[in-house]
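Residue-level listing of the chains:
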Amino acid sequence: MIGHTSVAVGGLYGEKASGPTVDFSYVGIDAILEQMRRKAMKQGFELNIMVVGQSGLGKSTLMNTLFKSKVSRKSVLATSQEKIPKTIEIKSISHDIEEKGVRMKLTVIDTPGFGDQINNENCWQPIMKFINDQYEAYLQEEININRKKRIPDSRVHCCIYFIPPTGHCLRPLDVEFMRRLSKVVNIVPVIAKADTLTLEERDFFKKKIREELRANGIDVYPQKEFDEDAEDRMINEKIREMIPFAVVGSDQEYQVNGRRLLGRKTKWGTIEVENIAHCEFAYLRDLLIRTHMQNIKDITSSIHYEMYRVRRLNENNTVVAHANGIPEHHLAAHEM
Amino acid sequence: KQEVSYTAPEGEGARAVPLAGHVGFDSMPDQLVNKSVNHGFCFNILCVGETGLGKSTLMDTLFNTKFEGEPTQHNQPGVTLKSNTYELQESNVRLKLTVVNTVGFGDQINKEDSYKSIVEFIDAQFEAYLQEELKIKRTLHSYHDTRIHACLYFIAPTGHSLKSLDLVTMKKLDSKVNIIPIIAKSDAISKSELAKFKIKITSELVSNGVQIYQFPTDDESVAEINSTMNSHLPFAVVGSTEEVKIGNKMVKARQYPWGTVQVENENHCDFVKLREMLIRVNMEDLREQTHTRHYELYRRCKLEEMGFKDTDPDSKPFSLQETYEAKRNEFMGELQKKEEEMRQMFVQRVKEKEAELKEAEKELHEKFDRLKKLHQDEKKKLEEKKKSLDDELNTFKQKKTAAELLQNQAQQAGGSTTLKRDKERKK
């Protein structure tokens, strides 16, 4: 609360300064922000991230680095030898994490087996089906008559796609996957294990990737068409000029210049993960977690989910808008 | 075909893991709040109470603005609801406030139907939201929510008890909206009478099973103040937009020859408590209760009324297609049955009409036959008469001819004498 003082009752809000002067024009409408914040803290948040990419690209490590804890499936299941599965599997694992009183239920969805077969045709299908199944589950609960107060949200908010650091261009598998999935989920492409690229190679690679995405009509997050206003567009343009982020992941700490930092130690030096001169991990973390997390969830629920809902409800080939089927004559009014 | 295996989240729900450093998702509440700020908020208040209890003045006082209009007349034939929307802004918060007033409440001689238009109005707002929610292409996040978040019920400061109109109305509204009862124009009651009045009102509400809104006590940061305030209900308020100089300050007050009632003085009235509870502490909770409790109840009832039900948990999960087909077939069956019934009825009617017409036709034929016979009889009679006349004529002719003959003979015999006699006569 800036500026105004009020006739507070019994020192309700510690932060509010109550002085001798009484401001008549203060009603207290802006107290709703505090009320919303309280409610959010009480309810907690949910976030569902999917990681897609060939094995060996450092997906699990990156997840652990992003959330500074052992959240990946590998860290949880203590299997010594991970065999590459014969088919794509979809495995999700949830964690309750808390920071400064803010509680979050984080679900990491892993896709082992993606892109690892000799014949990778249609490998996006199981993933597409999983994503649609989550939309379906949400829709089913939403159209119930007796429905839960808070519908559990298992929808995939963000899909991080790992591009191998070849340095040349996107592979057909990458293009095909991103082309199809960008229509149903927010895709954030990253260049994995970017410490094998020099800065020039990295810039070249990124430019090439951006061109190819444009040429194929692939809209990755943040999508241009969902920019809300000029301010949004300005911020998002800056991000669009930087994607895909070239990331390096690590859950090991090393001593660098007297500080303990996350990094990868090699014979020729230590790569500092959170140093933006070394790699773009920090940008990815800021985008995903610190600035755009709410926006990612909003786009999932108000755009991707709504599109799924429209498709699904129109499937019945009539003007039905409700799952249980409303007689046509009654529903004529419901149709857009 | 690719096989997919799903692994449910390990163990019972999620694991709790500690963080090794600062991740940054503690900014989530800020992100959420910022989004809401950009979007703006809306809040809808319904004021129910008899004409002249100071509803408009109280709204003006609560929101520090002069809202609208002239005071209403007392001769309204029924209760109507008038709603006005205002855009208010305070620091970076934009609020779309809608104030709905009950016009003519309590003015009629027969007040049996007074509550009806209020209930209809509240239901209409729920219905509008439900319609939007059920649309195929919907825009829920930019929908202007008109559902009533708080209902301030103005009780007349009689000092005795609630009127039966009050009890009936509140009973009808308590499952549809958050009711906050307030004693209007409470400067008309003395302090001791006020305490008794509040106790009487509260006990009447309880004994009649009226559920008024309770300020929530589940969040520790506001539990204490909310539970204290719950015990002060109903709030005894005084409204005023006029300012009076007290000491060296200008305060909102009502000035009487015997003293000045200061609106924001907690010793004088509960206005500050109302403002605190309604706006500064519980506005969000009021909105949430409206959505998760009252609206859900309306939605459930409405959908059940229309004949839908969820499948029981034992049967396998239904698909939209199946349920729709089932319902559709049921409906088509009913439609066909109705059609058949109508057709039967139609055939029946036609038969009846046909029989009637045949009957009429028969009658006409009979009449015609009768007339014809009559006519024939007449004709016969006439012919007979004609014949007899003819006969007479013939007879007469015969007689005439016979007579003429006789005359001729007679003339020839004594014809000369007749002539002589004629000649002599002539001389």
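Residues numbered from 1 in each chain as written. Chains lettered and ligands numbered in written order. Predicted model: local features only at pLDDT ≥ 70, side-chain atom pairs only at ≥ 80, totals over all residues. Heavy atoms only, no water.

**Remarks on the overall build of chain B**
For chain B, the helix and strand inventory stands at ten helices and eleven strands. Here chain B, with 427 residues, has 39% of them falling under the buried criterion. For chain B, the exposed surface amounts to about 26,100 Å²; the carbon and sulfur share of it is 53%. (Helix = DSSP H or I, 4+ residues; strand = E, 2+ residues; numbered from the N terminus. Buried < 20%, exposed > 50% of the residue type's maximum accessible area, 1.4 Å probe, protein only. Areas by Shrake-Rupley, 256 points an atom, 1.4 Å probe, with all protein chains shown as cover.)

**Describing the domain arrangement of chain B**
With domains assigned, chain B is organised as domain 1 (39-306) and domain 2 (321-396). Its C-alpha centre places domain 1 of chain B at a distance of 72 Å from the equivalent point of domain 2 of chain B. (Domains from an automatic or database assignment.)

**A look at the packing of aromatic side chains**
Inspection of the entire model under this criterion finds 15 aromatic pairs over all chains. Both rings, one in A:Tyr135 and one in A:Tyr308, keep their centres 5.5 Å apart while their planes meet at 40 degrees; by these two values the pair is tilted. Residue A:Tyr135 is located in helix H4 (residues 124-143), and its partner A:Tyr308 is located in helix H9 (residues 293-314); the two are separated by 173 residues in the primary sequence. Here A:Tyr135 matches A:Tyr308 in class, with each residue buried. Between B:Tyr129 and B:Tyr295, the ring centres sit 4.9 Å apart and the planes meet at 80 degrees, which makes this aromatic pair edge-to-face. (Phe/Tyr/Trp six-rings, centres within 6.5 Å; stacked < 30°, edge-to-face > 60°.)

**What about unusual backbone geometry?**
A cis amide bond links A:Ile243 to the next residue, A:Pro244, at an omega of 0 degrees. Following the sequence through the fold, A:Pro244 ends up in the loop between helix H7 (230-240) and strand E6 (245-246). Omega for the peptide link from B:Leu233 to B:Pro234 comes to -10 degrees, which places this bond in the cis form. Checked against the element boundaries, B:Pro234 lands in the loop between helix H6 (220-230) and strand E8 (235-236). Phi is positive for A:Asn122, which is not a glycine, with a value near 60 degrees. Relative to the elements of secondary structure, A:Asn122 occurs in the loop between strand E3 (102-110) and H4.

**Remarks on the pairing of strand E11 (residues 259-262) of chain B**
Residue and element names in this part refer to chain B. With four bridges joining them, strand E10 (residues 249-256) and E11 adopt antiparallel strand pairing. Across the sheet, Ala253 pairs through a bridge with Gln262, a residue of E11. The hairpin formed by E10 and E11 contains two residues between the paired strands. (Pairing = 2+ DSSP bridges.)

**Regarding the sheet that holds strand E9 (residues 269-272) of chain A**
Residue and element names in this part refer to chain A. The sheet built from three strands is open, its strands ordered E7-E8-E9 with antiparallel pairing. Of all the strands in the sheet, the pair left with one neighbour each is strand E7 (253-256) and E9. Strand-to-strand, the axes of this sheet are offset by a mean angle of 65 degrees, without reference to chain direction. In the sheet, E7 pairs with strand E8 (residues 259-266) via four bridges, with the strands oriented antiparallel. Across the sheet, residue Gln255 finds its bridge partner in E8, namely Arg260. (Axes fitted to C-alpha atoms, helices over the stretch in contact; angles between N-to-C directions.)

**Some details on the packing of helix H3 (residues 114-134) of chain B against helix H4 (residues 164-173) of chain B**
All names here are of chain B. Viewed as axis vectors pointing N to C, H3 and H4 meet at an angle of 20 degrees, and their least axial separation amounts to 10 Å. Put simply, H3 runs roughly parallel to H4. Classified by chirality, the crossing of H4 by H3 is right-handed. On H4, the residues touching Ser114, Tyr115, Ile118, Val119 and Ile122 of H3 are Leu165, Val168, Thr169, Lys172 and Leu173. Classifying every residue of the contact of H3 with H4 gives seven nonpolar, two polar and one charged. (Parallel < 35°, antiparallel > 145°, perpendicular 65-115°, else oblique. Left-handed = near helix turned anticlockwise from the far one by under 90°. Contact = heavy atoms within 4.5 Å. Nonpolar A, V, L, I, M, F, W, Y, C, P; charged D, E, K, R; others polar.)

**Brief notes about H4(A)**
For H4(A), which comprises 20 residues, the first-to-last C-alpha distance of 28 Å matches the rise-based estimate of 28 Å (1.5 Å per residue) to within 8%. The buried count for H4(A) comes to 15 of 20 residues, which makes it a mostly enclosed element. (Expected span 1.5 Å × (residues − 1).)

**With respect to the pattern of salt bridges**
Residues and elements named next belong to chain A. Inspection of the entire model under this criterion finds 47 salt bridges over all chains. Of the charged contacts, one joins Arg240 and Glu237 as a salt bridge, the two residues approaching to 3.2 Å between their closest N and O atoms. Note that Arg240 and Glu237 are positioned in helix H7 at a spacing of three residues, about one turn of the helix. Arg260 is the partner of Glu253 in a salt bridge, and the nearest nitrogen-oxygen pair spans 3.3 Å. Classification of Glu253 by relative accessible area gives partly exposed; the value is 39%. Linked by salt bridges that have partners in common, Lys68, Glu274, Arg285, Asp286 and Arg290 make up one network. (Salt bridge = Lys/Arg side-chain N within 4 Å of Asp/Glu carboxyl O.)

**Description of the confidence of the model for chain A**
Overall, the prediction assigns chain A a mean pLDDT of 82, with 84% of residues at 70 or greater. Here residues 317-336 of chain A is modelled with pLDDT under 50, and outside its nearest four sequence neighbours on either side it reaches 49 contacts, counting other chains as well. (pLDDT = per-residue confidence, 0-100.)

**Overview of the sheet that holds strand E3 (residues 41-48) of chain B**
Residue and element names in this part refer to chain B. Strand order in the open sheet made by the six strands is E4-E5-E3-E6-E7-E8, with mixed pairing throughout. One side of each edge strand has no neighbouring strand; the edge strands of this open sheet are strand E4 (80-90) and E8. Inspection of the sheet shows strand E7 (residues 179-183) paired to E8 by two bridges, in the parallel sense. Note that in E8 the partner of Ile182 across the bridge is Phe235.

**A few points about the confidence of the model for chain B**
Residues and elements named next belong to chain B. Averaged over every residue, the pLDDT of chain B is 85; the share at 70 or more is 87%. Counting contacts from residues 1-12, a segment whose pLDDT is below 50, to residues more than four positions away or on other chains yields 28 contacts. Below a pLDDT of 50 lies the segment residues 312-321, which in the model reaches 13 contacts outside its immediate sequence neighbourhood of four places, other chains included. Predicted as a complex, the structure gets a pTM of 0.75 and an ipTM equal to 0.79.

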